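# Descriptive structure summary
Listed here are the chains, written in short residue letters.
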Amino acid sequence: MKLIDKDNKKPTTGFATDAIHWGYKPSSHQGALNPPVYMTSTFAFESAEQGASIFGGEEKGYFYSRISNPTVALLEERIARLEGAEAGLATSSGMGAICSVFWSLIQHGDELVVDQTLYGCTYAFFRTLVEKFGIKILAVDMADLKAVEEAITPKTRLVFFETPANPTLRLVDIAAVSSLAHKHDALVIVDNTFCTPYLQRPLEFGADVIVHSATKYLGGHGDLIAGLAVGGAEMIEHVRLSGLKDLTGAALSPFDASQILRGIKTLEIRMDRHSQSAATVARYLDSHSAIEAVYYPGLESFPQHELAKRQMSQFGGLIAFEVKGGIVAGRALMNSLKLATLAVSLGDAETLIQHPASMTHAPYEEEVRQAAGITDGLVRLSIGLECVDDIIADLDQALTQEYVELAQAG
Ligand code: 7XF
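A brief report on the enclosed structure follows. For every chain, the first residue of the written sequence is number 1, and numbering continues from 1 onward in sequence order. Selection of residues for local features in this predicted model requires a pLDDT of at least 70, selection of side-chain atom pairs for listing and counting requires 80 or more, and totals for whole chains, interfaces and linings are taken over all residues. Remark: hydrogens and water are excluded; side-chain values derive from all non-hydrogen atoms of the structure.

## Considering the nonpolar core
Put simply, the test is: The term nonpolar core refers to a set of buried residues drawn from Ala, Val, Leu, Ile, Met, Phe, Trp, Tyr and Cys, joined through side-chain atoms within 4.5 Å. Under the scheme applied here, a residue whose accessible area is under 20% of the maximum for its type counts as buried, over 50% as exposed, and between as partly exposed, the area being computed with a 1.4 Å probe on protein chains only. The numbering of helices and of strands both runs from the N terminus, where a helix is a DSSP run of H or I of at least 4 residues and a strand a run of E of at least 2.
Ranked by size, the top nonpolar core spans 122 residues in total, and within it L285, I319 and F321 carry the most contacts. When residues of this core are assigned to their parent elements, the largest contribution, eight residues, is made by helix α11 (residues 267–286).

Here you go:
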């Protein structure tokens, strides 16, 4: 995949090259190959006058690591490059990124249109906006463009969705929804956690802001919690100086920024492997008699497979599926796996399995959850980097003949 400079002035370099080098020159850092970690909370001023002018915004410079820090800034520059954005912002969690963006952009009296299928705590955030602050929010099935068109009005200020959606993997057509939103000057915010910019670049389809849980594939090793946001330089500066500085305070540690920079260096090869293995496991599950349905955008039977091919370069490492026999059979399966770890989160080297209805999506009210397609029997699998034959062998030892008969009996 080639990245193209918006102004076409600089030579273009490939994704993996930018993921490893962009924004950093060893010669500016005593030759250090790996970017140094600026473990500091504050920065010394040369004079009282300089301190005042940095605080006043007349002079550029670091002054306090809640607002900016050189190690964190490198990560911000790199993710902006990879997403094709003007600027980036790092936060201490994915929820920190979502809250910093929304608290910065919403105004009293605004209306929001959001997808009905979202990560559980994102759903809970929007519900809190409605219940405590009287923000009007319409939640619609964003796979239904007619519903989106009806929901977006001149009063709509922000439109938000995940694609693929957590946990059902249902897709949203980024270009189509962005054009409907822009007719009414609404901003489109996309959660790109499941894809990362290596598989999908929402700004190229018309989105305005992207948020990430960097806890997942970007960090990639299950050892940190972090978030990122990218978009136009002016907007990101506003999110930094309002949302991050004053409203959430969700600043990322320089050490964790360094770990994410390390993770991003191998993003391309990891996402290739996650995608290849997930496609193999999805086909295995799809052909198994104990499995009722498999949701994976790369399967030809996936209802939005054509859309998946248009906006994703590969189909990612997540699979959702329903076992015959509902949640009882699903729990039996999860409890009998030996290699896959029963845990929430995703995008790690380890294969993880979890039950959305009782775990990641527990904040949903039951009827709302069912309407969003998050059934009691849905299981989510995050395919790791182990040998795919071992992942399949693990599923196979759990889905025994005995299990199949039990599942079929209900
Ligand atoms: O604050 P976090 O770094 O955990 O990120 C929140 C978040 C934001 N967007 C999406 C699409 C997410 O999936 C998440 C976190 N999801 C984890 C999961 O679904 O397993 C959280 C475990 S409870």
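## A word on the pairing of strand β9 (residues 318–323)
Selection criterion: A pair of strands is treated as paired once DSSP finds two or more bridges between them.
With respect to burial, β9 is a largely interior element, six of its six residues being buried. Neither face of β9 is exposed, since L318, A320 and E322 on one face and I319, F321 and V323 on the opposite face are all buried. Bridge analysis of strand β8 (residues 291–295) against β9 gives four bridges, and the strand direction is antiparallel. By the bridge assignment, A293 is partnered in β9 with E322. In terms of strand pairing, β9 meets strand β12 (residues 378–382) through five bridges, oriented antiparallel. For F321, the partnering residue across the bridge sits in β12 and is V379.

## Let's talk about the site of the ligand
Cut-off, in case you're wondering: Each residue is tested against the molecule or strand, and it is near if at least one of its non-hydrogen atoms lies within 4 Å. The definition of a polar contact used here is a pair of N or O atoms within 3.5 Å, where within protein one atom must be able to donate a hydrogen and the other to accept one, and adjacent residues in sequence count solely through side-chain atom pairs. Put simply, Ala, Val, Leu, Ile, Met, Phe, Trp, Tyr, Cys and Pro go in the nonpolar bin, Asp, Glu, Lys and Arg in the charged bin, and everything else, Gly too, in the polar bin.
Taken together, 18 residues are adjacent to the ligand, and D191, S213, T215, K216 and S345 come closest. The contact in question runs from an oxygen atom of the ligand to an N or O atom on the backbone of G94, over 2.8 Å. Within the side chain of D191, a nitrogen or oxygen atom sits 2.6 Å from a nitrogen atom of the ligand. With three residues, helix α4 (residues 94–105) is the largest single contributor of residues to the shell around the ligand. Class assignment for the residues of the shell around the ligand results in six nonpolar, eight polar and four charged.

Note that every value here comes from positions in space, so none of it alone points to a role or purpose.
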